[in-house]
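# Descriptive structure summary
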Amino acid sequence: MNHSPRDRSLRSRPRGGPETTWFSSPSDAAARLAAAGYLADSATATTAYLAGALEKPLLVEGPAGVGKTELAKAVSRATGADLVRLQCYEGLDEARALYEWNYKKQLLRIQASQGDDQTWSETHDDIFTDEFLLTRPLLSAIRRDEPTVLLIDEVDKTDVEVEGLLLEVLSDFQVTIPELGTVVAVRRPFVVLTSNATRELSEAVKRRCLYLHLDYPDAEREREIVTSQVPGLEDRVAGQLVAAVTRLRELELKKAPSIAESVDWARTLIALEIGDLDDKVIADTLGVVLKHSSDHDRAIRELRLRK
Amino acid sequence: MTNSGLLDRHIAFLEALRGAGLSVSLAEDLDAIAALSALDWGQRVTVHDAYAATLVKKQSQRPTFDALFDIYFPRLVGTGAHGLQDDEAGEGDSGVRDNAQALAGFRNELLEALATGDQQTLARLAIEMVGRFGAMPGRGPGLSSWSAYTALQRVAPSELVDRIIQALLAEGGADDAARRTAGRRLGGFTTMVEDEARRRIAEEKGPDHVANVAIRPTIDRLDFTAARRADLEEMRREIYPLARRLATRLTKEHHARRRGPLDFRRTVRASISTGGVPLVTHHRPKRPHRTELVVLCDVSGSVANFAQFTLLLVFALRDQFQKVRAFTFIDHVHEVTHHFKPGADVADVMTDLAASTAHAALWGRTNYGRAFTKFQENHPDALGPKSSLLILGDARSNYSDLGLESLKEMTAAAKHSWWLNPEHTRHWDTGDSAATPYGQVVPMVECRNLGQLSEFVHDIL
């Protein structure tokens, strides 16, 4: 027990290739993410630093529109790494996530070699080579030499089988292709998985990841985010807007307004050249933040927007 | 790390987490250690974040984790650095620290802090409040000597609400905004006081003791019947996400079983792109089977919460069923289906349901027998060979006629029937509970919390 942490920290240094350090400390992570336009709180910064230092995938959960995907993009901007993205959806399979053999090209190759006196085993060896391999995001992320951020977006949308597929990639950063052998990561990517928690991910996936729950920020942070995203927004209006959004989130709504929606709202106000967010303006532009008619009615009633 | 006692504390903390129902594996344990080695331990919040990132993988378990972390890694020891410094001069006997004058002074200080919303002062006051007014000396060994309840009763911060609002209004601001702010700050302060009392008790008796007795279960494992007002609101907020998760899971499972007969035309068409070799077969989709659901629920005081949650969940999942009809009863049956309009507002539905409870009662004493008979008389068309019957209630019929005959007729008419009982199995058949006689007619299932409820709903679909 007492020697294992040391072992781990030794093992966690990348083998071969140049030394990669993603962030040097939590405060460094916060500062560089902020420079990349992402205002991280202390938990986010610490977890992002740990994900880099321990080289473990980072699972980010939270309601829609709180900046889960943006975190991965910000990490790639802050560290100058390239972003490889795998968008998950229902029905995503191995062929779309990992790799696929180019059947058509293989068929052509077989047909082309029929006239020659090549033996079957030669043809067989020939058609299962790199030339006929179509790499998909997971495999390309692992084979890259440059620093890479791998974003696996909306993992909860996939089927349970795909999670099994991810396990090898997430724990050992390798992919086994039966015809070619095992491809091991040259340089471990910074992996970010996002999920809306529409279903519980399996214990096996969660165990391999660090976990971060992103929630709606407090009023002050949200104000900073809105003003940094929407230049030209007056401080006073930003304050009013954040207060209104905070109030809306306290109501029992089907879909509470997200940060992305408050930013949209701020942009709307700029576009309409509105310098003061009073009750009438809120009532008129409420459609930007609330997307259900029952939510709309409730907000108008609770905030007494139309007397 | 081995000699400092830190490892023991770490292991004890993990044990407590496991005891509270978090599944912390050995791999996660090692990750936590690795994470701590990669960080400085100077900041308590950093250690907290590192533990949270490596050990807690479900947001619903987060409150439990936070409470346990506060117990095992307390913010301060004893009264802390600036605990009771202003009493230093008059120290001697404890009577001086706690008297009417001190109380009045403290309340003024608290009022000021709550009005300005200064978190640091509030934290200091919470520590002082438990130390001064929450101490219960001389109650003998084995009894806790700090009580948040006593402290809150003595100081009674809730009586300050009006004065806080006044102070906020004086600074300018709308009336209801001030009221909300005051409520929120008071709530926050009460939580601080409770945490502080728990910390003091943990310091005296060891964290393991407190971890065993003072940690509430997570929201999906909390009994409907034991829920407090705030818990009920939190549960209500959980209903829609829960329904969405269930619906996604069901759709996925249906799709997994979807492969119907071979679609010959699509398969051949697809094979053209691979030189006539049919590499992939295509199938016709299978039509999902949808049930009609009839829900009959007891809405008398003792089980009303449970009935409301189940109804909300069932209606949130309405597109998974062909048709849903809901009836409430106490000693008379009343149909409530029309309250659940598609896209209706949850809070409104709850208000309507509460208002319509009056229609379900004639005398107001639960009578299952009468309710079943009336149901058979008034709604004979509700149950058919395609419908499933779901009865919700604790089977406590005030020793009246059980109406087993009517119930047998109802179950015979329906395709399936279930009875959900919100009581723990060990309470069945105690007092006036008729769980066994009813259970012989309709299979009875224990359903005490949101977790069990969602599992049940998933299984019947």
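Rules used in this analysis
Residues numbered from 1 in each chain as written. Chains lettered and ligands numbered in written order. Predicted model: local features only at pLDDT ≥ 70, side-chain atom pairs only at ≥ 80, totals over all residues. Helix = DSSP H or I, 4+ residues; strand = E, 2+ residues; numbered from the N terminus. Buried ≥ 20, exposed ≤ 12 C-beta atoms within 10 Å, placed from the backbone. Contact = placed C-beta atoms within 7 Å. Axes fitted to C-alpha atoms, helices over the stretch in contact; angles between N-to-C directions. Parallel < 35°, antiparallel > 145°, perpendicular 65-115°, else oblique. Left-handed = near helix turned anticlockwise from the far one by under 90°. Nonpolar A, V, L, I, M, F, W, Y, C, P; charged D, E, K, R; others polar. Domains from an automatic or database assignment. Pairing = 2+ DSSP bridges. Right-handed = clockwise from strand over helix to strand, strands pointing away.

### Overview of the overall build of chain B
- Helices and strands together make up the secondary structure of chain B, namely 18 helices and six strands.
- Looking at the 461 residues of chain B, the share that counts as buried comes to 34%.
- In chain B, once contacts between residues fewer than 6 apart in sequence are set aside, the share between residues at least 24 apart is 71%.

### Quick notes on the packing of helix 7 (residues 148–155) of chain B against helix 9 (residues 175–205) of chain B
Residue and element names in this part refer to chain B.
- One way to put it is that helix 7 packs onto helix 9 with a least axis distance of 9 Å and a crossing angle of 140°. Taken together, the axes of helix 7 and helix 9 are oblique relative to one another. Judged by the sense of rotation from one axis to the other, the crossing of helix 7 with helix 9 is right-handed. Here helix 7 contributes A148, A151 and L152 to the contact with helix 9, which in turn contributes T190, V193, E194 and A197.
- Class assignment for the residues of the contact of helix 7 with helix 9 results in five nonpolar, one polar and one charged.

### Some details on the domain arrangement of chain B
- Along its sequence, chain B is organised into domain 1 (6–72), domain 2 (85–215), domain 3 (233–255 + 290–460) and domain 4 (258–289).
- Averaged C-alpha coordinates put domain 1 of chain B and domain 3 of chain B at centres separated by 40 Å.

### Considering the pairing of strand 2 (residues 323–329) of chain B
All names here are of chain B.
- When you tally the buried positions in strand 2, you get five out of seven residues, the bulk of the element.
- For strand 1 (residues 292–298) and strand 2, the ladder comprises seven bridges, and the chain directions are parallel. Within strand 2, the residue paired with C297 across the bridge is T328.
- For the crossover that starts at strand 1, traverses helix 13 (residues 304–316) and ends in the parallel strand 2, the hand is right-handed.
- One ladder, built from three bridges, connects strand 2 with strand 3 (residues 333–335); its direction is antiparallel. The residue bridging F327 from the neighbouring strand is E335, located in strand 3.
- Between strand 2 and strand 3, which pair antiparallel one after the other, the connecting turn spans three residues.

### Thoughts on the sheet that holds strand 5 (residues 148–153) of chain A
Residue and element names in this part refer to chain A.
- Across the sheet, which stays open at both edges, the five strands sit in the order 2-5-8-1-9 with parallel pairing between neighbours. The open sheet has two edge strands, strand 2 (82–87) and strand 9 (210–213), and neither has a second partner. Ignoring strand direction, the axes of neighbouring strands in this sheet form an average angle of 20°.
- Pairing between strand 1 (residues 58–61) and strand 9: four bridges, direction parallel. From the neighbouring strand, L58 faces strand 9, where its bridge partner is L210.
- Those strands touched by helix 3 (residues 42–54) are strand 1, strand 8 (190–195) and strand 9, and its axis lies near 160° from that of strand 9.

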